[in-house]
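The lines below spell out each chain.
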Amino acid sequence: MRSKSANVRNANDNEACRKKGSESEKGVRIKQSTIHGTGLFSTKKYLPGECIIEYAGKVRRWSDCEDERTSYTCLMGIERNLVIDPRIQGNIARFINHCCSPNCEAVLDGKKVFIQAAKRIHKDDELTIDYSLIIPLSDQTLATHYKYTCRCGSPKCRSTMLQVKKKKPTSGCISKAQKARQK
Ligand SMILES: [Zn+2]
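Since this is a predicted model, take the numbers as computed values, not measurements.

**Quick notes on the environment of isoleucine 52**
Along the chain, the position of isoleucine 52 falls in strand β5 (residues 51–54). Looking at isoleucine 52, the number of C-beta atoms within 10 Å reads 26, which means it is buried. Distance in space between the C-alpha atoms of isoleucine 52 and alanine 93 is 9.3 Å, their sequence separation being 41 residues.

**Description of the pairing of strand β7 (residues 74–79)**
Walk down a regular strand and you will see the side chains alternate between the two sheet faces. By the criterion of burial, β7 is predominantly enclosed, with five of the six residues buried. Between β7 and strand β8 (residues 82–85), which pair antiparallel in sequence order, lie two residues; one of them, asparagine 81, sits at a positive phi of approximately 65°.

**With respect to the nonpolar core**
Soluble globular proteins: nonpolar side chains tend toward being buried together. Counting residues in each nonpolar core, the largest one holds 39 residues, and the members touching the most others are Ile52, Tyr55, Met76, Val113 and Ile115. Listing elements by their share of this core, those giving two or more residues are β5, β7, β8, β10 (104–109), β11 (112–117) and β12 (126–129).

**Digging into the environment of lysine 26**
Summarising the element assignment, lysine 26 is placed in the loop between α1 (15–21) and β3 (28–32). Sequence separation between lysine 26 and serine 42 is 16 residues; the distance between their C-alpha atoms is 9.0 Å.

The rules we used
Residues numbered from 1 in each chain as written. Predicted model: local features only at pLDDT ≥ 70, side-chain atom pairs only at ≥ 80, totals over all residues. Helix = DSSP H or I, 4+ residues; strand = E, 2+ residues; numbered from the N terminus. Buried ≥ 20, exposed ≤ 12 C-beta atoms within 10 Å, placed from the backbone. Pairing = 2+ DSSP bridges. Core = buried A, V, L, I, M, F, W, Y, C linked by C-beta atoms within 7 Å.

Here it is in structure tokens:
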């Protein structure tokens, strides 16, 4: 299971996004990605700032998900020790891939996260966010780094899905190390 922060930022009074995000699965579809596996694609145009879909899932404690790791599911960190788990009550937004030059961003609104256009998006574009994965220093082995190698193909690719700069803990995913420090 990857947990990701994806540059989640707070929405300011984003009621329209909140309403739209819950009913916008028709604005996206999934198909084979050139980046990785199955990806999320637009079925229409979006302007920068437009809400595309909610990153749906059950709000859970990170500590309750920790022992259920798989390679296919992304936990979205929303606040201290809370994540959105798209395996429960999730939608197709969970197929969104990472790119180092993403065309979308994850916007936090209370305990919900919405995928919002960060650039002008055309029909059939693959939608991407920057996962900015956080893993504890103790887990940062060569094997781990290889596992999170990025092959997004962007000219600005930093070659890793891991976060390269420090972020506030509340806006990032909650890693084992962070969790331990919070105890
Ligand atoms: Zn990349």
